[in-house]
Amino acid sequence: MTSNFWESSHYNHWIIDRITLGQSREDDLRHATAEQLAVINIFFANMIARLGKRLGIRAQVVATAIVFFKRFYLKNNICETDPYVVVPTCLYVATKIEEVPLHFKPIATETKNMYVQDYGLQITMPDPQSIAEMEFYLLEDLDFHLIVHHPYRTLMQLCGESNASRAVGESEEGEAGEAPVEGMRFWSTGKGTLQFEEAARSQAWSVHLGCRCAIPQTHAWNRHIINDTLRGDFCLLYHPHLIGIAAIFLTLVLDGDSRNRTDETEAPSRGYATRSKAPCDPPPNPVDFLASLNVSYNTIAQIVQEIISLWTLWGRHLVGEADTDRKGLQTSRSGNQGMSDDDVIRKLVDMHRARKRDEQNGVQSRLFEKPKPPKPVKKQ
Amino acid sequence: MLNKLGEGTFGEVHKARSHVTGQLVALKRILMHEEREGIPITALREVKLLKKLKHPNVVPLVDMVVTKGAQTRMDYWSTKDSKGDIYMVFPYMDHDLAGLLENKSVRLSPGQIKLYMQQLLEGTDYLHRNNILHRDMKAANLLISNAGVLQIADFGLARPGHSKLAWDGIDIRKTRYTNCVVTRWYRPPELLLGETNYGFAIDMWGVGCVMGEMWLRRPMFCGSSDLNQLEKIWSLCGTPTEDNMPGWGLLPGCEGVKNWPRQERTVRQNFELSMLLLDPNRRITAAQALDHEWFWNDPMPADPKTYVD
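Residues numbered from 1 in each chain as written. Chains lettered and ligands numbered in written order. Predicted model: local features only at pLDDT ≥ 70, side-chain atom pairs only at ≥ 80, totals over all residues. Heavy atoms only, no water.

- Looking at an unreviewed UniProt entry, chain B carries the name Kinase-like protein, with the source organism given as Calocera viscosa.
- Quoted straight from UniProt, the Subcellular location (unreviewed entry) entry for chain B says "Nucleus". (UniProt positions renumbered as here; feature names shortened; annotations may be inferred.)

- The name that an unreviewed UniProt entry assigns to chain A is C/H/G cyclin, with the source organism given as Calocera viscosa.
- Word for word, the UniProt comment on chain A under Subcellular location (unreviewed entry) is "Nucleus".
- Among the UniProt annotations of chain A, the heading Sequence similarities (unreviewed entry) holds the following wording: "Belongs to the cyclin family. Cyclin C subfamily."

**Examining the sheet that holds strand E8 (residues 142–144) of chain B**
Residues and elements named next belong to chain B.
Now for step 1: Taking strand neighbours across the sheet as the criterion, the three strands line up as E6-E8-E9 in an open arrangement whose pairing is antiparallel. Both outer strands of the open sheet, strand E6 (95–96) and strand E9 (150–152), are each paired with one neighbouring strand and no more.
Now for step 2: Looking at chain direction, E8 and E9 are connected through three bridges and run antiparallel. When the bridges of E9 are listed, leucine 142 appears paired with isoleucine 152.
Now for step 3: Of the strands in this sheet, E8 and E9 are in contact with helix H3 (residues 110–129), which crosses E9 at around 30°. (Pairing = 2+ DSSP bridges. Helix = DSSP H or I, 4+ residues; strand = E, 2+ residues; numbered from the N terminus. Contact = heavy atoms within 4.5 Å. Axes fitted to C-alpha atoms, helices over the stretch in contact; angles between N-to-C directions.)

**Things to note about the UniProt feature "binding site: ATP" (unreviewed entry) in chain B**
Residues and elements named next belong to chain B.
Now for step 1: In the UniProt entry, the feature "binding site: ATP" (unreviewed entry) is given for Lys28.
Now for step 2: Relative to the helices and strands, lysine 28 resides in strand E3 (residues 24–29).
Now for step 3: Overall, lysine 28 belongs to the buried group, its relative accessible area being 5%.
Now for step 4: Here glutamate 46 takes part through its side chain, which lies 3.1 Å from a polar atom of the side chain of lysine 28. (Buried < 20%, exposed > 50% of the residue type's maximum accessible area, 1.4 Å probe, protein only. Polar contact = N/O pair within 3.5 Å; in protein donor to acceptor, adjacent residues only side chain to side chain.)

**Overview of the domain arrangement of chain B**
Residue and element names in this part refer to chain B.
Now for step 1: Splitting chain B by domain gives domain 1 (3–91) and domain 2 (95–295).
Now for step 2: Listed by partner, the interface residues are 19 residues for domain 1 and 23 residues for domain 2.
Now for step 3: The junction of domain 1 with domain 2 conceals about 1,600 Å² of combined surface from both sides, 60% of it contributed by carbon and sulfur atoms.
Now for step 4: The three residues of domain 1 that bury the most area against domain 2 are Leu49, Leu53 and Asn57, which together make up 34% of that side's buried surface.
Now for step 5: Note that aspartate 154 and lysine 28 form a salt bridge whose closest N and O atoms lie 3.4 Å from each other.
Now for step 6: Where domain 1 packs against domain 2, one counts eight residue pairs in polar contact (both at pLDDT 80 or more).
Now for step 7: It is helix H1 (residues 41–52) that contributes the most residues to the side of domain 1 that touches domain 2, seven residues altogether.
Now for step 8: Along the lines of polarity and charge, the residues of the side of domain 1 that touches domain 2 split into eight nonpolar, five polar and six charged. (Domains from an automatic or database assignment. Buried area = accessible area lost by both parts, 1.4 Å probe. Salt bridge = Lys/Arg side-chain N within 4 Å of Asp/Glu carboxyl O. Nonpolar A, V, L, I, M, F, W, Y, C, P; charged D, E, K, R; others polar.)

**Thoughts on unusual backbone geometry**
Working note: non-glycine residues mostly have negative phi, and peptide bonds are mostly trans.
All names here are of chain B.
Now for step 1: The phi angle at aspartate 154 is positive, at roughly 60°, despite the residue not being glycine.
Now for step 2: Considering the arrangement of structural elements, one finds aspartate 154 in the loop between E9 and strand E10 (159–160).
Now for step 3: Among the residues examined, aspartate 154 registers a relative accessible area of 11% and is labelled buried.
Now for step 4: In this model, arginine 217 sits at a positive phi of 65°, which is unusual for a non-glycine residue.
Now for step 5: Its place among the elements puts arginine 217 in the loop between helix H5 (201–216) and helix H6 (226–237).
Now for step 6: Owing to a relative accessible area of 29%, arginine 217 belongs among the partly exposed residues under this scheme.

Spelled out as structure tokens, the structure:
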């Protein structure tokens, strides 16, 4: 299917600016600080990813689910809804949209298992019926805009197809095997692709976890930059291809090894070789290659900056530790005031209570004063 | 809401007038067949595809309407009986082709048939270029306005097709489809024989049937069962041989039909039958059909501007 991003609902309705984003969160911000809210967002994105892993769902589907979750909360408040139902619902709808449908039952069961085993939650577990019902509201608030564009594709386009066989392994990993889209890439010359070495490529997906805590740890390298961006608000603010390019850029910066290798351009098979239309062209320097893309580097720089601040934030808190290699870090960092999963869960309960109190005291929810929250900008 | 128009694959269709614009619209209600599985994936597919498509000969999805059961948003997850309905909103079209053909007082000139065929093929070509299999091509799913515009409707069975193009990352090459699609009278022989790895040609068979139907004023092959359907097809197009339908003997459904008396193709090659070739690989594509000289011979396709119903 030709997916023209510029005509998609994603571009026309769901790329918003920071002000709109802030407005949509006014209510929640009354009960939590911006940082806490950001941590809560990371917490839930992690939760969706973890549920996806438990169900053996591909990364792209998980990514779609996370985007749905974020879009839903542009129009709703965390403190007024039950995010523990929204989480499985987003995943459920995403599996249908991405043509890998799952039944309610396994989702509900697995959600329950996860809540109990991983989070020790003591709540009313979402049953199939509540998920079915939530699906309804979720779809409505998404305005039935169901197709989401992800940065994975940019990565595949720019980094060539040579390693298409590498791939799917882990469920958190992005999709390989995705053929380049035909059609115009307005932001690139379309000439040549960067060829990363296997390791380097997986790294564009992955983040050097160590840099979050300033300790290089090779074994933690298979976190994924793009997957990481889903923990922030990037998918609401920036075009997916820009996020993709920012991820590539970061990979080049972080992976010092492969950068050094590129300098020995004599051995293109080892470093980043470039495959261009005429194979005997000298392989361009990756820096030149990135510079040749017709994109705004101010924006890229900003995204990179924000990814780094996301890591800093993430590193300061201990959300989603259970499934990562950072568990060991927990001990070394006791005594710092970051929020852990348990703190987040407690905070959520507090927020709900506070909101209820407000309700009783007649404090109106900002979102529902107006019939609808400010529509994401740029109507067609 | 004015009156019920009919029932589709998974929804009733109602005629209604919009409060906002005053225009007539068709509302298609999404039926919840299986409460247990939430909104049917077919409905979501239809919405997803229609939101993406924009072509004068493909029915546009104007809006989605959700009627609420729940009173307030605050308590919507606490009440259990709060399910509302979901409607898809389409512009109201005056006729569907099946109804038009049944109506004895409507006469179609060859020029008009060409006009409709051209639009049908334009729409089909658009779908196929966008890698979508409609999978339910039939006269009843072709809507026609009084201004002579034809639109392809009902994407309840539509799916992204196999092709080199990626469908948002799903490795569709491995996907096998169900062969239980397409209303029987418009079902091509390869589906009747149990092929699960089919392509755009199945839609072209339907287009061919629709075209024949416009000439005959009745469906071309009104089979009473799948076997009978095949018999009717063989009687027009000849029984399959390795020559006219390579590989047919390997299809799972061919056992019962292997020993049928040989029949020769009774009709000589013409434009219509190039869409009704048994071999799906030789069947004409929408793009090729549009280039066919048939559209450039007299009588030329009628001009929709001069069209008065």
